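Examining the three-dimensional arrangement
Listed here are the chains, written in short residue letters.
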Amino acid sequence: MSDYQRPLRLAMVGGGQDAFIGAVHRHAAALDGRYVLVAGALSSTPERSRESGAALGLPPERSYGTWQDLLDGEKNREDGAEVISIVTPNHLHFPVALAAVQAGFHVICDKPLVPTLKEAQELEAAVRQAGTAFAVTYNYSGYPMIRQAREMVRKGELGSVRKVIVEYHQGWLATEQTGKQAEWRTDPARSGPAGALGDIGTHAEQLTTFVSGLSLAEVAAELTAFVPGRPLDDDASMLLRFEGGARGVLTVSQIEIGRENDLRLSVFGTKGSLSWRQEDPNHLLFDQLDRPRQILTRGGPGTGGAANAMTRLPAGHPEAFIEAFANIYRAVADDLAARERGEGVNPDYPTVSDGVQGVEFMTFVLESAAANGNWVSLKGSG
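Residues numbered from 1 in each chain as written. Predicted model: local features only at pLDDT ≥ 70, side-chain atom pairs only at ≥ 80, totals over all residues. Heavy atoms only, no water.

**Here's the deal with the nonpolar core**
Applicable threshold: Nonpolar cores are built from buried Ala, Val, Leu, Ile, Met, Phe, Trp, Tyr and Cys residues. Side-chain atoms within 4.5 Å join them into one set. The buried label applies to any residue whose accessible area, calculated with a 1.4 Å probe on protein chains only, is under 20% of its type's maximum; exposed applies above 50%, and partly exposed to all values in between. Note on contacts: a residue pair is in contact if any heavy atoms of the two residues lie within 4.5 Å.
With 80 residues, the main nonpolar core has Ile 84, Leu 113, Leu 123, Phe 134, Val 211 and Met 238 as its most contacted residues. Not counting residues within four places of it along the chain, the set of residues in contact with Leu 123 comprises Phe 94, Ala 97, Leu 98, Val 101, Leu 113, Val 114, Phe 134 and Val 352. Counting residues in each nonpolar core, the second largest holds 24 residues, with Leu 10, Met 12, Ala 135 and Ala 333 among its members.

Dropping the structure here:
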């Protein structure tokens, strides 16, 4: 059995040259010294994959031309990779993740989990059968003040939740774009059936349920492709109904000029409300009935154990995107260490089931939009 107190041996699929998110994952994995990158199949062609591996200092024999070669090569090595990080375009998530799980690797996969609900359910069943760890990098759930908000909701400091509003607005696809990042995200063959909905809408949905603790019951949606000729949505608006009667509004857009990475969450209860912005992630606004507003600061007075466990630096030293990703990677390492000690499985990170929930959400939003915004019941909502 492996000793998970040492750095875990990590292999990466995708994330090679010119891939923004691959570098983010590598920095996050390295931040706490819990992983060492030992192998990769980093690009879409064998030549570029080997070039990317060489640029990162991987030995030639572990800079693989294809992901299939990587899995075959690493599972047969005594010092082979234990965790596979998947940072490819969406259409490759399913075949790579399924093969990795079936080969006994632990997996950290970017979102959305897979393009279709059938694939999501098949992958979840494979993870359950294999007993391996599987994380989905909904990285915003790794922000300390998001953990603080979740803890406050759970403790009843807002009373009963009545309404949740989440907005994720960008402007980088306001015109027809070229380049690697834009091309695959607007291509149904690589992105899947959703554009902005899959790319950032799944983040918004996960954040909504993660903090509020509510379960979605119904959705009514409108999807739009504003850029002429674009085959996938670049703007979406949704009304949400939660089990228990709470309501929500979720909007995402990638065509709003001037918006950068403007993710905002507000949760309103019977006793108070919380508001958070990703572009000011170290502060959480807390409003209570007939009391002055409180601004809680990451690492400052009034934060609880959940937030402090995700905090690395003292208050006033900015801590954000990379660290939130790193919190997911660290939580996976903690989970594997606990398993090794025989302490059971208690993952403190988004799992394959959270990924399935995101694909369910995406599927039923597409169904509602195709039905001119009719209300659609989510699976299992009754």
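**Re the pattern of salt bridges**
We count it as follows: A side-chain nitrogen of Lys or Arg and a carboxyl oxygen of Asp or Glu constitute a salt bridge if their distance falls within 4 Å. Counting from the N terminus, the helices are the DSSP runs of H or I reaching at least four residues and the strands are the DSSP runs of E reaching at least two.
Tallied over the entire structure, the rule returns 25 salt bridges. Asp 234 is the partner of Arg 230 in a salt bridge, and the nearest nitrogen-oxygen pair spans 3.0 Å. Arg 298 serves as the salt-bridge partner of Glu 319, at 3.5 Å between the closest nitrogen and oxygen. With Glu 319 in the loop between helix H10 (305–308) and helix H11 (321–340) and Arg 298 in the loop between strand E13 (294–297) and H10, this pair connects stretches of sequence that are 21 residues apart. For the residue pair Glu 319 and Arg 298, the accessibility class agrees, reading buried in each case. Salt bridges here are not isolated pairs; linked through shared partners, they connect Arg 62, Glu 74, Arg 77 and Asp 79.

**Focus: the packing of aromatic side chains**
Cut-off, in case you're wondering: Ring geometry is summarised as follows: Phe, Tyr and Trp rings, the Trp one being its six-membered ring, pair when their centres sit within 6.5 Å, and such pairs are stacked at plane angles under 30 degrees, edge-to-face over 60 and tilted between the two.
Per the stated rule, a full pass over the model turns up seven aromatic pairs. Centre to centre, the rings of Tyr 35 and Tyr 329 are 5.4 Å apart; their planes meet at 85 degrees, and the pair counts as edge-to-face. With a gap of 294 residues between them, Tyr 35 in strand E2 (residues 35–41) and Tyr 329 in helix H11 connect regions that are remote in the sequence. Classification of Tyr 35 by relative accessible area gives buried; the value is 7%. Their ring planes at 55 degrees and their centres at 6.4 Å tell us that Tyr 140 and Phe 321 sit as a pair that is tilted. Of this pair, Tyr 140 sits in the loop between strand E5 (134–136) and helix H6 (144–154) while Phe 321 sits in helix H11, and the two are 181 residues apart along the sequence.

**Describing helix H3 (residues 67–75)**
Selection criterion: Note that the arc is computed from the directions linking the helix axis to the C-beta atoms.
Those residues of H3 not exposed but buried are Trp 67, Leu 70, Leu 71 and Glu 74. Projected down its long axis, H3 carries its buried residues within an arc of 95 degrees, all on one side. Its buried side turned inward, H3 meets strand E1 (8–14), E2, strand E3 (83–87) and helix H4 (93–102).

**Regarding the pairing of E3**
Cut-off, in case you're wondering: Two strands pair under a simple rule: DSSP has to find at least two bridges between them. Crossover handedness is defined by viewing with both strands directed away from the observer: a clockwise path from the first strand over the helix to the second marks the crossover as right-handed.
With five of five residues buried, E3 lies mostly within the body of the structure. Across the two faces of E3 the burial is the same, with Val 83, Ser 85 and Val 87 and Ile 84 and Ile 86 all buried. Bridging between E1 and E3 involves five bridges; their strand directions are parallel. Counted as the bridge partner of Leu 10 is Val 83 from E3. Bridge count between E3 and strand E4 (residues 106–109): four bridges; the pairing is parallel. Directly across from Val 83, in E4, lies its bridge partner His 106. Handedness of the E3-H4-E4 crossover: right-handed.

**Let's talk about the sheet that holds E4**
The following threshold applies: Every axis corresponds to a line fitted to the C-alpha atoms, with the helix fit spanning only the stretch in contact, and the corresponding angles, defined between N-to-C directions, vary from 0 to 180 degrees.
Spatially, E2-E1-E3-E4-E5 is the arrangement adopted by the five strands of the open sheet, whose pairing is parallel. The open sheet has two edge strands with one neighbour each: E2 and E5. Averaged over neighbouring strand pairs, the angle between their axes works out to 20 degrees when direction is ignored.

**Digging into the environment of Phe 20**
Turning to its location among the elements, Phe 20 is positioned in helix H1 (residues 20–31). Distance from Phe 20 to Tyr 64, taken between C-alpha atoms, is 20 Å for residues 44 residues apart in sequence.

**Describing the side chain of Gln 254**
The cut-off we apply is this: Pairs of N or O atoms are called polar contacts if they sit within 3.5 Å, as long as, within protein, a hydrogen donor faces a hydrogen acceptor (for residues adjacent in sequence, only side-chain-to-side-chain pairs).
Mapped onto the fold, Gln 254 is located in the loop between strand E9 (247–253) and strand E10 (262–269). Polar side-chain contacts of Gln 254 include one of 3.0 Å to the side chain of Gln 170.

**A short note on the sheet that holds strand E7 (residues 216–224)**
Sheet strands line up and pair through hydrogen bonds in the backbone, either parallel or antiparallel. What the nine strands build is an open sheet, ordered E13-E12-E11-E10-E6-E9-E8-E7-E14; its pairing is mixed. The two strands at the open ends of the sheet, each matched to only one other strand, are E13 and strand E14 (376–377). Two strands pair when backbone bridges link them, and E7 and E14 are joined in this way by two bridges, in the antiparallel orientation. Bridged to Glu 218 within E14 is Ser 377. Along the sheet face, helix H9 (residues 196–212) touches strand E6 (161–169), E7, strand E8 (235–242), E9, E10 and strand E11 (272–277) and points at about 150 degrees away from the line of E9. Packed onto the sheet, helix H12 (residues 352–370) meets E7, E8, E9 and E14 and runs at close to 60 degrees relative to E7.

**Quick look at the side chain of Gln 181**
For Gln 181, the location among the structural elements is in helix H7 (residues 180–185). Polar contacts involving the side chain of Gln 181 include one to the side chain of Arg 185, which spans 2.6 Å. Ignoring anything within four residues of it in the chain, the contact list for Gln 181 reads Asp 18, Ala 19, Phe 20 and Trp 172.

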